[in-house]
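Overview (structure and organization)
So you can see what is in the structure, the chains are spelled out below.
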Amino acid sequence: MKDYEFKGRWIAASTDVEDRFAPLFKKVFKLEKIIKNATLYICGLGFFEVKINNLLPDDSVLNPTHSQYSSTVYYRAFDVTTLLKQEENEIIVELGNSFFNEPTTVWNWHIASWRNTPRLILDLVIEYTDNTTEIIKSDETFKVAINGIITKNSIYCGEIHDMRNNEPEFKDVILVEAPTGKLTLQTSEPIRRIKEYKVEEIKKQPDGSYILTAPEMITGWAKIKFNVPKDTKITVTYMEQLKKDGTFQKIGKREGHDGNWWPEDYIQHDTFISNGEECFFEPKFSYKGFKYIEIAGCPTEIKNEDIVLYKIANDVEFISEFNCSNKIINDLHNLMHRTILNNLQGKPTDTPVWEKNGWLGDLNCGLTSMMYNFDLKLFLESFVTTMNDCFNEFSSVPVMVPSANWGWENSPVWNTAFVFTAEALLRFCDHKEFVKSVYENLVKFSKNQIKALEDNGWAWGTRGLADWVAPVNCENEEVDPNTSEGAEICGTGFVYKMLESMLYISDVLGIKENNKIFEDARKNIYRAFNEKFLNKEKNIYETLFWEQRGKRQKYRQTSNLVPLAFGLVPEEYKKAVFSNLVDDIKCKGYHLDTGCIGTKFILPVLLDNGDYATAYKVLTQTTYPSWGHWLSFGDTTAWESWETTTRSKDHYFLATYDEILFSHFAGVCDIENGFLTFSIKPIFDCGLDFVNCKIKTPQGILKVEWQKTENNNYKINIKIPEKSTVKLILKEKINSTVTGGEYSWVI
């Protein structure tokens, strides 16, 4: 689809980036002809809310999607035919700062190349029944007010709403320069309020404040009705956890985890100032991650009926269902599903509280789990576009995107997500045209990684992000996220695996001129990897580098999981390397001794190598460090770390067990061309009595259901989409290729 060419001009209220108010733009116009249809094309940076005749064009919020503003800025298109009148009309646009004008220094947002004051461009294209067209466009005829209700707003720190400012003064706008990024239609699903909740508990504190408890961890905000005297100032603060004594823990002003990042403000902190009238208060240009809310300064009783909690996320489609005979596994599945959704905020974020950033290591870990649960075709197209923009800008892909020239140092365990996500879009969504559009940069990126390894003897060095947040093996000690063994094994392994993905992408697209380069590099990496890291006497993989952190032991499960998962272990050593891994897992009581990378691979490696019993015990373990340990605290989302001192409890990159529920327990794997072809090979002897799985694929509904019978047989029901061709492997009894239809067996 060709992007719309705007006729309007970019307009603003101010040129001072330190201004934090939300400007209000207004245009009054009269229409005299009969309207056939009308489309509003609009981009307001950082966020916009638009109303025509006091009506919203749809129910989306936090528009537009965060992008690499220096390369791409997204606009929205709305059908507003029913909002217009054949008389006087009024359009009002309010702008928030978002990441376009964010002063937080931690990730260089304050010096971003694109940073500027909020600005607006719009065209309202009106077609009349007489086949004429009129365009109401942003220009110097618009008016702007800087004394509206929202006097301060920040994506991190929240908002101040002064309800006394209900008669803003409108003055002339200023014409400003366009952002350097290309105006591009936003095709990814917008963010919406996707679920409502009631507060679970309200407790009044000795100081007169209230602490509200949500029924689960939520990303979003509260809508609260206040009816208090004029000039009353009420603060509403959101947080994931309370202090150990049950009091509220604010973050910022050098308080709480990483509170020094915001030395002058609290984050997730809104302020309401009353004009003396009853009204509802909810934020407009920021979102929060929370289980708890503190309301302070309210002289009236806080009542449940006056509060609605909203979960917000990109409105992607839920495409799957999974349940089985084990409650722990079902609870863990729901926990991961909820955590992913909480972090779909224009990009896949790490946490909705502190960082709100698109960390690529997190995506590398969670990608497959995410693809089984949601239709992410358009969402990830947008995110890969951002990676591609960053590569064009920095000649590298930073470890998080969008990026304000921060984190651009090469770190393949993170930034190979550029390639792996493109591969996933081919496999799960058959998104060939888009992947082809970024293929040239995928090749350049891959060749850069080859060069980096070749210059270092075909192996990665010790520096870089790798197996982040491995346990320190003391449940209540402070988290130490850094690796003890360095990044050598993970970094080398991820480049090796990335090149396999590039070979697959190249084959699917039919562009094979670089395949020999990729194949030769893989041979060199394989040789160097085993020469440097395989201890042939001990039958283990290890690095010489070591920094003692916590009570970690030098045998690293991840250092052995990565070569086993990526096919880097010579056949003659595979059995012994795997046996030593299993021995270590058993020695540690079937507990995880892995950071985010090893955690992704531990269950697939165990299951692919036939140790179903060990995999089941690891998956259903409930004491530290384990996934079930989170459930023992009553938590409804995944932790950022294994220790009870974890900063965040809404962080998906450790909950990557979820993929094997679909790929191994249900057996849906080897997916290609948007499920045109795939395999079904369930693992029956996995400790479960039944599995029910349903996936809405691009080809139609896929179902896999199996149940253990009283005489230890298995009753199996499978539904395959009509256009799909499936390799079916059911124990040793059935090995055949089938097409669309419904099938049943007892084996």
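All chains use their own residue numbering, which begins from 1 and follows the written sequence. Local features in this predicted model are restricted to residues whose pLDDT is 70 or higher, and side-chain atom pairs enter the listing and the counts only when it is 80 or higher, whereas totals over whole chains, interfaces and linings include all residues. Hydrogens are left out, water is left out, and the side-chain values use all remaining heavy atoms of the structure.

**Describing the overall build of the chain**
- Elements are defined by DSSP. Helices are runs of H or I of four residues or more, strands are runs of E of two residues or more, and each kind is numbered from the N terminus. Along the chain, the regular secondary structure elements total 14 helices and 34 strands.
- Based on C-alpha atoms, the radius of gyration is set beside the globule rule, defined as 2.2 Å times the residue count to the power 0.38. What you see for the chain is a C-alpha radius of gyration of 27 Å, in line with the 27 Å of a compact globule of 747 residues.
- Dimensions of the chain, computed from the C-alpha atoms along their principal axes, are close to 80 × 65 × 55 Å.
- To sort residues, take the accessible area from a 1.4 Å probe on protein chains only and compare it with the maximum for the residue type: under 20% means buried, over 50% means exposed, and anything in between is partly exposed. The proportion of buried residues among the 747 residues of the chain is 61%.

**Overview of the packing of helix 6 (residues 432-454) against helix 8 (residues 515-533)**
- Note on definitions: angles span 0 to 180 degrees between N-to-C directions of axes, and those axes are lines fitted to C-alpha atoms, for helices only across the stretch in contact. Direction vectors running N to C along helix 6 and helix 8 enclose 30 degrees, while the axes themselves pass 11 Å from each other. Accordingly, the angle class assigned to the pair helix 6 and helix 8 is roughly parallel. Crossing of helix 6 against helix 8: the hand is left-handed. Together, Val443, Ser446, Lys447, Ile450 and Leu453 of helix 6 and Ile517, Phe518, Ala521 and Ile525 of helix 8 make up the contact between the two elements.
- Each residue belonging to the contact of helix 6 with helix 8 can be placed in one class, and the counts come to 7 nonpolar, 1 polar and 1 charged. Just so you know how the angles are binned, under 35 degrees is roughly parallel, over 145 roughly antiparallel, 65 to 115 roughly perpendicular, and the rest oblique. A clockwise turn of the near helix away from the far one marks a right-handed crossing, whereas an anticlockwise turn of less than a right angle marks a left-handed crossing. Contacts are assigned to residue pairs that have any heavy atoms within 4.5 Å of one another. Each residue is assigned to one class: nonpolar for Ala, Val, Leu, Ile, Met, Phe, Trp, Tyr, Cys and Pro, charged for Asp, Glu, Lys and Arg, and polar for all the others, Gly among them.

**Focus: the sheet that holds strand 7 (residues 88-96)**
- Strand order in the open sheet formed by 5 strands is 4-7-2-10-13, and the pairing between neighbours is antiparallel. Each having just a single partner strand, strand 4 (47-52) and strand 13 (171-172) make up the two edges of the open sheet.
- Sheet topology note: the strand 4/strand 7 ladder contains 6 bridges and is antiparallel. Residue pairing in the sheet places isoleucine 52 in a bridge with isoleucine 91 of strand 7. The criterion for strand pairing is that DSSP finds at least two bridges linking the strands in question.

**Section: the side chain of glutamate 423**
- Within the secondary structure, glutamate 423 sits in helix 5 (residues 417-429).
- The buried category is assigned to glutamate 423, whose relative accessible area is 13%.

**Things to note about helix 14 (residues 658-665)**
- When you tally the buried positions in helix 14, you get 8 out of 8 residues, the bulk of the element.
- If you check which residues of helix 14 are buried, you get Asp658, Glu659, Ile660, Leu661, Phe662, Ser663, His664 and Phe665.
- Immediately beyond the C-terminal end of helix 14, within one or two residues, lies glycine 667, with a positive phi of roughly 85 degrees.

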